[in-house]
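The chain contents come next:
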Amino acid sequence: MNLSRPHLTLATLALAAGLGACSSMAADPAPARVADGALVGPNGMTLYTFDRDTAGSGKSACNGPCATNWPPLMAQAGAMNAGNWTVVTRDDGSKQWAYKGKPVYYWTKDTKAGDRTGEGFNNVWHVARP
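Residues numbered from 1 in each chain as written. Predicted model: local features only at pLDDT ≥ 70, side-chain atom pairs only at ≥ 80, totals over all residues. Heavy atoms only, no water.

> So what exactly am I meant to see when it comes to the side chain of Thr49 here?
Counting through the fold element by element, Thr49 comes out in strand E3 (residues 48-50). What Thr49 contacts, discounting residues up to four positions off in sequence, is Lys102, Pro103, Val104, Val124, Trp125, His126 and Ala128. (Helix = DSSP H or I, 4+ residues; strand = E, 2+ residues; numbered from the N terminus. Contact = heavy atoms within 4.5 Å.)

So, in C-alpha cells, the structure goes:
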C-alpha cells in the first residue's frame, strides 16, 4: 500500500494522539513515597496511622480537634483508588488518602522531614510503613 505524504502525516498524527491518550490513562502517581522505611507525604513529612481507624471502613476516626493535631493527607475531590492507596470520605465530606485501608495523617509536632515524634503517641499513633 502506497500512502501519499498527506495521508502518512495524518496517520502519524493519529497514532501519536492515540498513544498520548493511553499515557494519560495511566494511574496517578502514589500520594506518598517511602523514605527511610516510612511513608512520607509530598512535603517529605512522616505519615502516621491511628489505631482507632478500622482498616477498610472507608472512614476516619480522627475528626475535629483530633484532625487539628493530626492533619489528614488530603486527596483531591476526583482522586481515584490506585493499588494500596484508597480514598476515604471524612465526616465533613472532604477526601483523605488511606494506605492499605488505613487513613494516614501528619503530626503537627513534626517540624522537619525525617521527624517521627508522633510514633507511639498515646499508644495509638504509629509511623505508617509500607
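> Quick question: what am I supposed to make of the pattern of salt bridges here?
Side chains carrying opposite charge are able to pair once their charged atoms draw close together. Evaluated as defined, the whole model comprises one salt bridge. Between Asp115 and Lys112 there is a salt bridge, and its shortest N-O distance comes to 2.9 Å. Overall, Asp115 belongs to the buried group, its relative accessible area being 12%. Overall, the relative accessible area of 52% leaves Lys112 in the exposed class. (Salt bridge = Lys/Arg side-chain N within 4 Å of Asp/Glu carboxyl O. Buried < 20%, exposed > 50% of the residue type's maximum accessible area, 1.4 Å probe, protein only.)

> How do you make sense of the state of the cysteines when you look at a structure like this?
Should the sulfur atoms of two cysteines be covalently bonded, the bond is a disulfide. By the definition in use, this model includes one disulfide. What pairs with Cys62 in a disulfide is Cys66, and their sulfur atoms sit 2.0 Å apart. Because the sign of the S-S torsion sets the handedness, a value of about -105 degrees for the bond joining Cys62 and Cys66 places this disulfide among the left-handed ones. Accessibility expressed as a relative area gives 22% for Cys66, which makes it partly exposed. (Disulfide = S-S within 2.5 Å.)

> What is the right way to read the packing of aromatic side chains from this model?
Each aromatic ring pair is described using two quantities: the centre-to-centre distance and the angle formed by the ring planes. The final tally for this structure, using the stated rule, is nine aromatic pairs. Between Trp85 and Trp97, the aromatic rings sit 6.3 Å apart at their centres with planes inclined by 90 degrees, giving edge-to-face as the arrangement. Highlighted residues: Trp85 in strand E5 (residues 85-89) and Trp97 in strand E6 (residues 95-99), separated in sequence by 12 residues. Considered together, Trp85 and Trp97 belong to a single accessibility category, that of buried residues. Between the aromatic rings of Trp85 and Tyr99, the centroid separation amounts to 4.9 Å while the plane-to-plane angle is 55 degrees, which identifies the pairing as tilted. Here the residue Trp85 occupies a position in strand E5, and Tyr99 occupies one in strand E6, the gap between them amounting to 14 residues. Of the two residues examined, Trp85 and Tyr99, each falls in the buried class. Members of the aromatic cluster, joined through ring pairs, are Tyr48, Phe50, Trp70, Tyr105, Trp107, Phe121 and Trp125. (Phe/Tyr/Trp six-rings, centres within 6.5 Å; stacked < 30°, edge-to-face > 60°.)

> Teacher, can you tell me more about the nonpolar core here?
Across soluble globular proteins, you tend to see nonpolar side chains buried next to one another. Counting residues in each nonpolar core, the largest one holds 13 residues, and the members touching the most others are Leu39, Leu47, Leu73, Trp85, Trp97 and Val104. Sequence-distant contacts of Trp97, defined by excluding residues within four places in its chain, comprise Pro31, Leu73, Met74, Ala75, Ala79, Met80, Trp85, Thr86, Val87, Pro103 and Val104. Grouped together as the second largest cluster of nonpolar side chains are 11 residues, Tyr48, Cys62, Trp107 and Trp125 included. (Core = buried A, V, L, I, M, F, W, Y, C linked by side-chain atoms within 4.5 Å.)

> Is there a simple way to explain unusual backbone geometry in this structure?
Backbone geometry follows two general trends: most residues other than glycine have a negative phi, and most peptide bonds adopt the trans configuration. Positive phi, normally seen in glycine, also occurs at Lys100, with a value near 50 degrees. Position of Lys100 relative to the elements: it lies in the loop between E6 and strand E7 (102-103). Unusually for a residue other than glycine, Asn122 sits at a positive phi of about 50 degrees.

> Can you walk me through the environment of Ala128 in this structure?
Relative to the assigned elements, Ala128 resides in the segment after strand E8 (125-127). With 29 residues separating them along the chain, Ala128 and Tyr99 place their C-alpha atoms 8.3 Å apart. Those residues in contact with Ala128, other than ones at most four positions away along the chain, are Ala38, Leu39, Leu47, Tyr48, Thr49 and Val104.

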